[in-house]
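# Structural description and commentary
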Amino acid sequence: MSIRKARGGGWQMAARCLTALLGGYAAAAGIASLGARLLPIATAEATAWGMILSFLIFVSLGLWAFHEHRLTRIALVIWGSAAATIGAVLLIGPRA
Amino acid sequence: MKARAGLRQPMAWIHSWLGLVAGWILFAMFLTGTASYFRPEITRWMQPELRTEAAAPAEAARSAIAWLQANAPHDEQWYIYLPDDRTTATRIFTRPRPDSMTPAKRRREEIRLDPATGEALEARDTRGGEQFYRFHFQLQLPHPWGRWLAGLCAMFMLGAIVSGVVTHKRIFVDFFTLRWGKGQRSWLDAHNVTAVLALPFHAMITYTGLITLVLMYMPWPIAANYAKPATFAVEAYGNDPEGAASGRPARLVPIAPLIAAATEEWKGGRPSTLIVRNPDDAASSVTILRDGTDALNARGGSITYAGADGRRLAASPPPGPAIETAGVMLGLHMGNYAGPVLRWTYFLLGLTGSAMVATGLLLWTAKRRKPGATPFFGFRVVERMNIGALACLPAGMAAFFLANRLIPAAQPGRSGLEVSAMFWMWFGLAVLSLLRPVRRAWIETLAVAAVAFASVPVVNALTTDRGLIRSIASGDGLFVAFDLVMLSVAACLGFAAWRAAHIAPVAPRQRRHAGPPASAGKELADAA
Amino acid sequence: MPLETLLLGYAALANLARASGRPQRVADAIPLLRPVHAKIAGIALALLSLVASFWRFGAYQGLVAWLGLTSLAGVALVLLLSRWPVAALRLWLPAMALAVPIDLVGF
């Protein structure tokens, strides 16, 4: 369990897991949605690509959260990108 | 290589935890999903009194419409699922017109017809192959929690696959290595071999599994693009004609020419489903859905005709690359396109996947077993859960089949009783196994599961006139194959029980890594 | 029976296993080919099974079927290798030889 020690104790581990799971989902949803919204192809096609690729984004972010040592950096990147992309999608609004 | 080594350690760590947390559910999903490759065949086995023969789609459609016109002429919608080589009965259900009595558009119960005669089929009430299929992604939990839990586990599986590939040092060197009877080393070999050899299958089945419920798991790109989510389905799969009835009565044109026209337009593609709207009205429509089995795409497209005069009204748009990709992924997961050889291949690869999960779980305990020391609490929990999942679930599945033959065919509520039998056997056996020492528990639960599977052909022969010998004599491939699979599974489980009994953890104090009680034979049995 | 892809895949993987020289003592038990030749034969047989798969299952399903059947052949090979290593490797020749006639057996 040396990895656990290197990655901080109980609370830090819990924060890391939550960030990977919930934050990772939010960021994947946000990135996929923003990509689907901005991709300059037919709307249905862009939407489908976003949905198909979203799980790839999710799993990459989730695993990265356990690879990176600094918890603050993980939280910043994952929650930050989630907030930024979801905010952008809400700001732009749906295609006409 | 330093960067890679730095990557490997955390990935190995997350791999073992992802696998442990989701492992037991994933094992159940793998096993029931594998059985679901034979969903219609299992249903047919579970209704032995039916012996329908497949009929041509046009003939089945004609007889079904005749039945509906006689029995439900004024309902708003008819759904007709045409028979094929594997499902030999026509399945129909209808939705009544909304009125003061039935405000919601509730579907009526499904009815099955003999495609040749058009008569309703009477058979014992059972969930059949549908039970494993539904359990595979709903886990017998209330909607929507089962689907969310299944999705979470699938996501863990995806993470475990990626981190497992990163962790694996010599993926191609160890390709062919499987050493028996060497304790932890054997479990690692078995886990590697089952994972790596069928890696394309595991990766495909996991990712496409997520795609099957993508509309539920990841609807956000739709919300980002469309003010009304329903617009997406219309753009992607074509407009569903929801025309209101005109109020002028009219009769449907004969169905055979419409099916011939659709088949020609699809260059020989088979129709799978008919949806008839307002069948007694001048504004009626007939939508013919294409069977996906001749292409990988599970969404075969559709054509809609006017029911009153047979004019072609609309067709689904040709899919773009992304919609096509999603449809192919769906098709790959369901495997409906697969002919017999490919179907058996995927069945066996599904068992390999179950074995991969099982050996991974057993490896977790094998790694942490300290000879002589009192095992820590979590270890004992995992050990017991392994018994409950890996040995007791197969026993539960056998109990489901046995219950189908032993509960009287006319018993009210029998389909629910069959399901109860499965879960009582599964969880009951798991609870009983707690009373026994771990080694004995492995041996005994595996033996019970083996006996349960072996008794399925026996009970079948005693309670129906379609036993193994008669089935061979009459050339009934389905019933012969079913009995042979039951016997093979029983043999594998019996072999595992035998290994568990005879490969003793030889003098644990002398060996640094004593094997788990059920030693290397288990991966075979867990596959079964 | 459309099993030629499976049999050719088995023959291919058996040769590749022999070429990899993993079961060291065992590898020398194959009389017909030296490791270098086994590698070439393995790759050639793998390509042949791929062609056979496309020929049998068509353009849509060819690749999918090949991946599935080759994986299955691998599982069979590894199980045999673990118990009867010499026989498992020697089996490549009968497997290859059977590929065509088993096609003609009607089922």
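Note that the structure is a prediction, hence the values are computed from the model and not measured. (Residues numbered from 1 in each chain as written. Chains lettered and ligands numbered in written order. Predicted model: local features only at pLDDT ≥ 70, side-chain atom pairs only at ≥ 80, totals over all residues.)

## Digging into the overall build of chain B
For chain B, the count of helices and strands is 19 helices and seven strands. Taken over the C-alpha trace, chain B has a radius of gyration of 26 Å; the compact-globule value for 528 residues is 24 Å, and the two agree within 12%. Considering chain B as a whole, with its 528 residues, one finds that 49% of them fall into the buried category. Excluding contacts between residues fewer than 6 apart, the proportion of contacts in chain B whose partners are at least 24 apart in sequence is 71%. (Helix = DSSP H or I, 4+ residues; strand = E, 2+ residues; numbered from the N terminus. Rg over C-alpha atoms; globule rule 2.2 N^0.38 Å. Buried ≥ 20, exposed ≤ 12 C-beta atoms within 10 Å, placed from the backbone. Contact = placed C-beta atoms within 7 Å.)

## Structural notes on the domain arrangement of chain B
Along its sequence, chain B is organised into domain 1 (2-48 + 130-197 + 338-527) and domain 2 (57-122 + 239-316). Between the C-alpha centres of domain 1 of chain B and domain 2 of chain B there is a distance of 40 Å. (Domains from an automatic or database assignment.)

## Describing the interface of chain B and chain C
Contacts between the two partners involve 21 residues from chain B and, on the opposite side, 19 residues from chain C. At the level of secondary structure, the elements contributing two or more residues to the side of chain B that touches chain C comprise α6 (184-197), α7 (199-212) and α13 (340-368) of chain B. Per element, the largest residue contribution to the side of chain B that touches chain C is seven residues, and it comes from α13(B). Partitioning the side of chain B that touches chain C into residue classes produces 17 nonpolar, three polar and one charged. (Nonpolar A, V, L, I, M, F, W, Y, C, P; charged D, E, K, R; others polar.)

## Topic: the confidence of the model for chain C
Residues and elements named next belong to chain C. Across chain C, pLDDT averages 84, with 85% of residues at or above 70. Within chain C, the lowest mean pLDDT, 56, falls on helix α2 (residues 24-27), and the highest, 90, falls on helix α3 (residues 35-83). Scored as a whole, the predicted complex attains pTM 0.91, and scored at its interfaces, ipTM 0.93. (pLDDT = per-residue confidence, 0-100.)

## Some words on helix α12 (residues 321-334) of chain B
An ideal rise of 1.5 Å per residue puts 20 Å on 14 residues; α12(B) measures up with 20 Å between its terminal C-alpha atoms. The secondary structure elements touched by the buried residues of α12(B) are α3 (43-67) of chain A, α7 and α10 (230-237) of chain B together with α3 of chain C. Note on α12(B): the residue one or two positions beyond its end, B:G335, has a positive phi of about 65°. (Expected span 1.5 Å × (residues − 1).)

## Describing the interface of chain A and chain B
Where interface size is quoted, it is often the accessible area lost as the parts come together. Across the boundary between the two partners, chain A contributes 28 residues, which contact 32 residues of chain B. Sort the elements by how many residues they give to the side of chain A that touches chain B and α3(A) lands first, with 18 residues. Classifying every residue of the side of chain A that touches chain B by side-chain character gives 18 nonpolar, seven polar and three charged.

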